Amino acid sequence: MRPRWFRGWWSPARRCPSPNCGRRPPGAAVSLLVVHSISLPPGVYGGNAIEELFTNRLDWRAHPYFETIRGLRVSAHFLIRRDGSLLQFVSCDRRAWHAGVSSWHGRENCNDYSIGVELEGLEGDAFEEAQYVSLSSLAGGLARRYPIEAVAGHEHIAAGRKGDPGPAFDWARLRALSLAAGVTDWDFPESATRRNSEG
C-alpha cells in the first residue's frame, strides 16, 4: 500500500497521539524540519520511556533521572527508533512542543512553522543507518505534502541552549538519501554541503 497522508498523519508511522500540542497560528506554513535526538534515561535505548514522556504517562519514580524532568510537557511530531521504526505523536497540521525558545534565520518560535523529528540517540553518539533511511523516507513524504524549505538540527535553532542531534549526526548522509527520496530543493546545514564537497 502506498504511503499517504490523512489529516496530517503519515500512514507508515504508528500513531501514539500526544495531548501536548496545539493549533498553528493562522497562515503559518510548515517550512522547516527540525531534527532532534533523545534517549531516556540518557544513553539508554529501547523501552517505552520516550513514548510515555510524550503522552504524559511517564512514571517519574521509575529512574532517578526522571525526577529531574518531572512535570515536563513536551512532544514531537515523530520519533525514529534505533531500528528505523517510526512513531507519530502529533498531526503535522498541528503545533508540537519540541523546539522551545528558538529562532531560524531571524524568525522566532520555530514550533509555529516546523515539524519536529526525534531520533532515538545520544548527542555525540553515532546514529544507525536504519534511522537515516527512515528519516529520508519521511522527508520525501513531507516534501510532497508541505512547503518545507530547510532542515536543521535543534542545535541550529537553539544555539548555546541545545546541542542535538550533535556532531556525530551525518548531515551529508541524510542529504544524499533525501535526494534519492525526492527531496531536491531543501536547504541543509552547511556541514552537509562541506562533507559532500570534501568527498
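Going by the structure above, here's the rest.
Residues numbered from 1 in each chain as written. Predicted model: local features only at pLDDT ≥ 70, side-chain atom pairs only at ≥ 80, totals over all residues. Heavy atoms only, no water.

Our next topic: the overall build of the protein chain. A count of helical and extended segments in the protein chain gives 6 helices and 12 strands. For the protein chain, the C-alpha radius of gyration of 16 Å lies close to 16 Å, the compact-globule estimate for 199 residues. In the protein chain, which comprises 199 residues, the share counted as buried stands at 51%. In the protein chain, the share of contacts with a sequence separation of at least 24, taken over all contacts with a separation of at least 6, comes to 69%. Element-wise, carbon and sulfur atoms account for 49% of the exposed surface of the protein chain, whose accessible area totals about 9,600 Å². Each charge class in the protein chain can be summarised by its mean position, and for the 24 positive and 22 negative side chains these summaries are 9 Å apart. (Helix = DSSP H or I, 4+ residues; strand = E, 2+ residues; numbered from the N terminus. Rg over C-alpha atoms; globule rule 2.2 N^0.38 Å. Buried < 20%, exposed > 50% of the residue type's maximum accessible area, 1.4 Å probe, protein only. Contact = heavy atoms within 4.5 Å. Areas by Shrake-Rupley, 256 points an atom, 1.4 Å probe, with all protein chains shown as cover. Lys, Arg positive; Asp, Glu negative; His and termini not counted. Charge placed at Lys NZ, Arg CZ, Asp CG, Glu CD.)

Tallied over the entire structure, the rule returns 1 cavity of 30 Å³ or more. As a volume, the largest cavity reaches approximately 30 Å³. Class assignment of the residues belonging to the lining of the largest cavity gives a composition of 5 nonpolar, 3 polar and 2 charged. (1 Å grid on protein atoms, 1.4 Å probe; cavity = no way out; pocket = protein on both sides within 12 Å on 5 of 7 lines; lining within 4 Å. Points joined across faces, edges and corners; volume = space filled by probe spheres on them. Nonpolar A, V, L, I, M, F, W, Y, C, P; charged D, E, K, R; others polar.)

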